[in-house]
Amino acid sequence: MGSYILRRVLQMIPVFLGATFLIFLMVYTLPGDPIAAMYGDKAADPAQVASLRHRFYLDQPLWKQYLHYMNNILHLDFGTSFTGRSVSSIMADAFPVTIRMALIAFFFEIVVGLPLGVLSGLKRGSVADTLVLLLTLLVISIPVFVLGYIAQTVFATNLGWVTPTVQDSTDITQLLLPGAVLAALSLAYVARLTRTSIGENLRADYIRTATAKGLPRRTVITRHLLRNSLIPVVTFLGTDLGALMGGAIVTEGIFNVKGVGNILYRAIGQKEGPTVVGIVTVLVIVYLVASLLVDLLYAVLDPRIRYA
Amino acid sequence: MPSATRVRRAVIGATSVALVATGCGSSGSSGSGGSTDAAKTFSYQSSEPQNPLQPANANETGGGRILQNLFKGLADYDPSNAQLRMQVAESIDTSDSQTFNVTLKTGWTFHDGTPVKAANFVNAWNWAATTANNQINSSWFADIQGYQDVHPASGASTATTMSGLTVTDDTHFTIKLNGKVSYFPYKLGYIAFSPLPDAFFNDPAGYGQKPVGNGPYQFVSWDHNTQVVTKSYPGYMGVDKPKNGGVVFKMYTTAEAAYADLQSNNLDVIDQVPPSALATYKSDLGDRAIDSPQGAIQNIGFTLYQPEWQGANTAKVRQGLSMAIDRNTITKTVLQGSRTPATAWTAEGVEGYKSGTCGNFCNFDPAQAKQLITEGGGVPGGSLKITYNADGGHKEWVDAVCNSIRQNTGVDCVGDPKADFKTAREAITGHTINGAFRTGWVQDYPLNANFLADVYKTGAAGNDFGYSSPQFDQLANEADAAPSIQDSATGYQKAEAVLAQDFPAIPLWYYRTNSGYSTNVKNVTFDSFGNPAWTQVEVNG
């Protein structure tokens with residue numbers, strides 16, 4: 001197990017370098033000049049542009065810029081945004097908000113999605129099963145921005161339970177609604193995935209054996225059925241946590257949440273290289289760690305999977 | 001005009017058109033009863049500033065509108081008529097339209113208590129114009145003598161001060177320009193010309209996060225990406241003393257989110273309603289809806305640098321195309337009343353604006369349109385392509401304009417979308433397009449010269465048409481050398497008349513501010529820059 005973890009961690013290094021390099025390449029070679037973008041629809045003054053380029057290290061060849069950037073990152077310096085703030089402090093403001101919202105969404109997925117899936121998986125063909133299938137299909141087919149606006153209209157404008165947008169992004173109670181909207185799609189997938197997995201395993205030999213041994217139904221389900229059925233679900237949840245962190249641009253926009261998606265959206269629009277690459281680098285790390293955890297969880301869930 | 005003049009599309013200013021929205025029943029202090037509290041603040045929709053908060057470093061609305069409240073320059077623009085109004089300056093006099101003598105009022109102070117002196121202006125301008133200080137608005141100082149020394153076309157500066165600026169004493173200084181620009185004081189209303197306190201020069205970077213100005217509001221805090229809080233400055237000496245306690249600029253990523261907050265009174269004043277609410281906002285907000293003119297115009301320009309578009313005959317073709325466009329219907333339907341049909345090349349509400357300069361050529365008349373196009377020898381190449389940027393919401397109206405041209409004249413017309421604004425600009429300035437393109441102009445300052453000199457003079461930075469008319473240039477130069485701003489404005493009206501003969505661009509429509517406010521505030525009016533008259537907003541008690 002120990003050597004497996006070590007190997008996995010070592011594997012993460014080339015993945016990390018490759019991913020950041022690709023992102024860097026994409027951000028810095030995309031058509032459109034970040035300095036010209038600062039001028040908006042105005043003609044830029046060539047002398048000033050040259051001076052600004054020099055200031056942001058953009059007058060160097062690309063490989064030098066990359067080495068410069070990676071060297072800074074090794075010293076935990078993510079650079080400075082055009083607003084004169086360090087990218088580290090920008091991220092320190094935004095990540096906690098997004099992590100909170102992602103955890104709320106994650107919580108909804110597990111607390112609502114899993115039981116729904118288990119319920120409909122165990123009672124295939126029942127009214128409850130049909131209802132779950134219909135509901136999840138509905139959620140999957142509605143784009144998240146439509147869902148967001150519906151939630152905003154119903155709960156804020158019509159019912160007045162909450163304010164239409166989040167007034168204080170650090171207040172966890174205000175993040176509940178955007179968190180639920182963010183969770184909706186994945187929640188539907190979790191429910192359907194669980195349902196299918198349970199349905200398959202219900203017919204498995206070891207369940208028949210366990211039942212034949214005379215074990216109580218409750219024990220059969222929790223100890224044997226769930227444990228094995230959760231493997232694909234855990235895989236999904238693990239990668240989904242990464243997606244929740246980075247993919248909240250739409251939801252954060254609708255509810256004006258000051259998280260990573262919000263910052264990323266603005267930074268991409270302004271071609272603010274340091275901010276974009278910095279945030280995405282952290283997101284890559286989140287993904288890597290999440291997938292490592294998923295792999296380790298396999299061993300816990302299924303004793304047959306062992307890492308030599 | 002000095003050749004260094006650049007395309008400037010200012011987003012800031014301080015005009016406020018007293019004219020209150022059409023479609024709003026009542027406004028002003030006669031609003032829906034109740035007392036107001038001059039100590040209370042109101043919130044305004046904003047976006048995170050792109051640059052540190054330094055006056056010469058903001059050319060986008062996010063930072064611009066905040067700075068405009070923290071600083072006040074020599075002059076700004078009168079709310080009632082868009083004319084120049086003295087603020088820190090007692091007077092700005094000239095006898096030759098080239099040397100300007102500035103006299104300051106006494107008693108003005110920065111928010112740190114230090115007095116506003118002539119040197120504060122001169123030092124600030126010199127600093128902002130110097131290349132090494134990396135200020136985005138540095139080219140605004142290009143008119144001033146000695147600009148080339150602090151800001152050479154390339155390479156390092158040879159000086160740190162401009163020879164055209166001379167401080168006489170604490171309340172007097174002179175500005176000498178490279179050439180005659182009678183309306184130069186109009187430019188001084190731009191935020192880049194603000195004074196800076198002595199403390200600024202010790203730590204410009206730190207200052208950009210915590211600015212100290214001399215304007216109606218003083219800086220309180222900048223909670224990045226969330227809000228910038230200001231409060232009214234009791235020592236403010238301007239003619240527009242705040243009637244409220246301050247402005248809280250709340251950052252929004254989407255206009256939809258801001259509009260939703262406005263409807264539930266979590267936000268007091270917004271910029272512009274989102275396109276999705278254009279059709280309903282007047283019924284949503286009732287007499288709190290705002291619909292007022294902006295100093296901005298949308299045109300279709302032509303590639304006059306191509307031989308087939310040159311000559312007097314092709315002007316007839318362009319006039320004919322203009323007459324084939326049904327501006328009334330398009331502005332009402334496709335643009336949902338967010339624009340007003342244009343009748344001139346200068347936007348309405350701007351000093352020197354004269355309606356009807358375009359004459360009959362801006363009236364919809366299919367029969368006359370066909371005849372003119374035939375007389376002009378038809379559209380070169382037999383079909384017309386209108387290049388535009390697909391990221392700016394232009395597709396709908398470009399298609400509508402093309403339909404209008406096709407149906408009424410039989411000329412084959414198609415839109416030619418480019419992915420985004422930069423790509424479209426590159427194609428237009430690189431002369432790689434053929435025929436026609438979408439273009440527009442947003443005022444830098446509310447004066448007709450800005451819509452004409454900077455766009456249609458030979459070689460002007462905004463002249464993407466390759467238009468060159470000796471007659472227009474001569475009239476413009478005469479207007480620049482005129483003894484007063486009034487004469488200059490009238491002179492430019494003569495120059496504008498030349499455009500009706502040559503028709504380098506088809507004026508389409510003027511922009512409007514479609515906005516609204518919450519039930520917490522009243523007396524909200526918008527100026528021709530699309531900004532509210534900040535200090536005049538009253539907050540209910």
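Residues numbered from 1 in each chain as written. Chains lettered and ligands numbered in written order. Predicted model: local features only at pLDDT ≥ 70, side-chain atom pairs only at ≥ 80, totals over all residues. Heavy atoms only, no water.

Enquirer: Quick question: what am I supposed to make of the overall build of chain B here?
Expert: The helix and strand tally for chain B stands at 15 helices and 18 strands. Against the 2.2 N^0.38 benchmark of 24 Å for 541 residues, chain B shows a C-alpha radius of gyration of 23 Å, consistent with a compact globule. Seen through its C-alpha atoms, chain B measures out along the principal axes to roughly 70 × 55 × 40 Å. For chain B, the proportion of its 541 residues judged to be buried stands at 60%. Considering only contacts in chain B between residues 6 or more positions apart, those separated by 24 or more positions represent 72%. Accessible surface, chain B: about 18200 Å² in total, of which carbon and sulfur atoms supply 50%. Measuring between centres, the 37 positive side-chain charges of chain B sit 3 Å from its 48 negative side-chain charges. (Helix = DSSP H or I, 4+ residues; strand = E, 2+ residues; numbered from the N terminus. Rg over C-alpha atoms; globule rule 2.2 N^0.38 Å. Buried < 20%, exposed > 50% of the residue type's maximum accessible area, 1.4 Å probe, protein only. Contact = heavy atoms within 4.5 Å. Areas by Shrake-Rupley, 256 points an atom, 1.4 Å probe, with all protein chains shown as cover. Lys, Arg positive; Asp, Glu negative; His and termini not counted. Charge placed at Lys NZ, Arg CZ, Asp CG, Glu CD.)

Enquirer: Help me understand the interface of chain B and chain A, please; the structure alone is not making it clear to me.
Expert: With 41 residues of chain B in contact, the opposing surface of chain A contributes 37 residues. The junction of chain B with chain A conceals about 3200 Å² of combined surface from both sides, 50% of it contributed by carbon and sulfur atoms. Three residues, Gln50(B), Asn134(B) and Thr253(B), lead the burial of chain B against chain A; their summed loss comes to 19% of the area buried on that side. Summed over the shared surface of chain B and chain A, the result is zero salt bridges. Here chain B and chain A share 18 residue pairs in polar contact (both at pLDDT 80 or more) between them. Listed by contribution, the elements that provide at least two residues to the side of chain B that touches chain A are strand S10 (246–251), helix H6 (255–263) and helix H12 (421–429) of chain B. Take the side of chain B that touches chain A: its biggest share by element is four residues, from H6(B). Tallied by class, residues from the side of chain B that touches chain A come to 14 nonpolar, 19 polar and eight charged. (Buried area = accessible area lost by both parts, 1.4 Å probe. Salt bridge = Lys/Arg side-chain N within 4 Å of Asp/Glu carboxyl O. Polar contact = N/O pair within 3.5 Å; in protein donor to acceptor, adjacent residues only side chain to side chain. Nonpolar A, V, L, I, M, F, W, Y, C, P; charged D, E, K, R; others polar.)

Enquirer: Could you clarify how one ought to interpret the packing of helix H8 (residues 312–323) of chain B against helix H10 (residues 366–375) of chain B in this entry?
Expert: Think of two packed helices as two axes; the pair is described by the angle between the axes and how far apart they sit. All names here are of chain B. Two elements in contact, H8 and H10, have axes whose closest approach is 7 Å; the angle formed by their N-to-C orientations is 160°. By the angle between their directions, the pair H8 and H10 is classed as roughly antiparallel. Seen from above, H8 lies across H10 with left-handed handedness. Side by side, H8 and H10 meet where Asn-313, Lys-316, Val-317, Gln-319, Gly-320, Leu-321 and Met-323 of the first sit next to Pro-366, Gln-368, Ala-369, Leu-372, Ile-373 and Glu-375 of the second. Within the contact of H8 with H10, the residues separate by chemical class into seven nonpolar, four polar and two charged. (Axes fitted to C-alpha atoms, helices over the stretch in contact; angles between N-to-C directions. Parallel < 35°, antiparallel > 145°, perpendicular 65-115°, else oblique. Left-handed = near helix turned anticlockwise from the far one by under 90°.)

Enquirer: I would appreciate a short explanation of the nonpolar core in the present structure.
Expert: Generally speaking, soluble globular proteins have nonpolar side chains that are buried together. Counting 136 residues, the largest nonpolar core has Leu74(B), Trp125(B), Phe141(B), Phe173(B), Ile175(B), Leu384(B) and Tyr456(B) as its most contacted members. Ranked by the residues each element gives to this core, the list is headed by helix H2 (residues 118–129) of chain B, at eight residues. (Core = buried A, V, L, I, M, F, W, Y, C linked by side-chain atoms within 4.5 Å.)

Enquirer: Any chance you could explain the pairing of S10(B) here in plain terms?
Expert: The side chains of a regular strand alternate, residue by residue, between the two faces of the sheet. All names here are of chain B. By the criterion of burial, S10 is predominantly enclosed, with six of the six residues buried. Covered by surrounding structure in S10 are Gly-246, Val-248 and Lys-250 together with Val-247, Phe-249 and Met-251, the residues of both alternating faces. Across six bridges, strand S1 (residues 41–46) lies against S10 in parallel orientation. Considered in S10, the bridge of Thr-41 is made with Gly-246. (Pairing = 2+ DSSP bridges.)

Enquirer: Honestly, H6(B) in this entry has me stumped. Any pointers?
Expert: Because an α-helix packs 3.6 residues into every turn, residues spaced three or four apart end up facing the same way. What H6(B) keeps buried is the set Ala257(B), Ala258(B), Tyr259(B), Ala260(B), Asp261(B) and Leu262(B). Residues of H6(B) that are buried make contact with helix H7 (144–158) and helix H11 (249–255) of chain A together with S1, helix H7 (281–285) and strand S16 (505–516) of chain B. Remark: Asn265(B) follows H6(B) within two positions and exhibits a positive phi of approximately 65°.

Enquirer: Just checking my understanding: could you explain the confidence of the model for chain A for this structure?
Expert: Should the pLDDT be low somewhere, the predicted coordinates at that spot are not to be read in detail. In the predicted model, chain A carries a mean pLDDT of 85, and the fraction of residues at 70 or more is 96%. Per-residue pLDDT, averaged within each element of chain A, yields its smallest value for helix H2 (residues 34–38) of chain A (75) and its largest for helix H6 (residues 127–141) of chain A (91). (pLDDT = per-residue confidence, 0-100.)

Enquirer: What's the story with the sheet that holds strand S11 (residues 289–302) of chain B in this structure? I'm lost.
Expert: Each strand in a sheet pairs with its neighbour through backbone hydrogen bonds, running either in the same direction (parallel) or in the opposite one (antiparallel). Residues and elements named next belong to chain B. Taking strand neighbours across the sheet as the criterion, the six strands line up as S12-S16-S11-S15-S13-S14 in an open arrangement whose pairing is mixed. Single-partner strands in this sheet number two, and they are strand S12 (339–341) and strand S14 (412–418). Geometrically, the sheet is characterised by an average inter-axis angle of 35° between neighbouring strands, direction not taken into account. Looking at chain direction, S11 and strand S15 (residues 436–442) are connected through seven bridges and run antiparallel.

Enquirer: What am I meant to see in the packing of aromatic side chains here?
Expert: All names here are of chain B. This model, assessed by the stated rule, comprises 38 aromatic pairs over all chains. Taken together, a centroid distance of 6.3 Å and an interplanar angle of 45° make the contact between Trp-125 and Phe-141 tilted. Here the residue Trp-125 occupies a position in helix H2, and Phe-141 occupies one in the loop between H2 and helix H3 (147–150), the gap between them amounting to 16 residues. The exposure class of Trp-125 is buried, given its relative accessible area of 0%. For Phe-141, a relative accessible area of 0% gives the class buried. An angle of 5° between the planes, with centres 5.4 Å apart, marks the rings of Tyr-456 and Phe-465 as stacked. Phe-465 shares its class with Tyr-456; the two are buried. Members of the aromatic cluster, joined through ring pairs, are Phe-100, Phe-121, Trp-125, Trp-140, Phe-141, Phe-173, Phe-184, Tyr-190 and Phe-193. Against the face of Phe-302 rests Arg-318, its NZ or CZ located 5.9 Å from the ring centre. (Phe/Tyr/Trp six-rings, centres within 6.5 Å; stacked < 30°, edge-to-face > 60°. Lys NZ or Arg CZ within 6 Å of the ring centre and 35° of its normal.)

Enquirer: How should I be thinking about unusual backbone geometry in this particular structure?
Expert: With glycine set apart, most residues show a phi of negative sign, and most peptide bonds adopt trans. Residues and elements named next belong to chain B. Of note in the backbone geometry, Gln-336 takes a positive phi value of approximately 50° without being a glycine. On the secondary structure map, Gln-336 appears in the loop between helix H9 (327–332) and S12. Positive phi is not limited to glycine here, since Asn-523 has a value of about 60°. Looking at where Asn-523 falls in the secondary structure, it is placed in the loop between strand S17 (521–522) and strand S18 (538–539).

Enquirer: What's the story with the sheet that holds strand S5 (residues 99–104) of chain B in this structure? I'm lost.
Expert: Residue and element names in this part refer to chain B. The antiparallel open sheet is built from four strands, whose spatial order is S4-S5-S7-S6. Here the strands that pair on one side only, and so sit at the sheet edges, are strand S4 (89–94) and strand S6 (165–169). The sheet shows a mean angle of 20° between the axes of neighbouring strands, taken without regard to direction. Where S6 lies against strand S7 (residues 172–176), four bridges are found, and the strand directions are antiparallel.

Enquirer: So what exactly am I meant to see when it comes to the side chain of Asn126(B) here?
Expert: Its location among the elements puts Asn126(B) in helix H2. With sequence-adjacent residues up to four places away left out, Asn126(B) is seen in contact with Thr160(B), Thr161(B), Met162(B) and Leu165(B).

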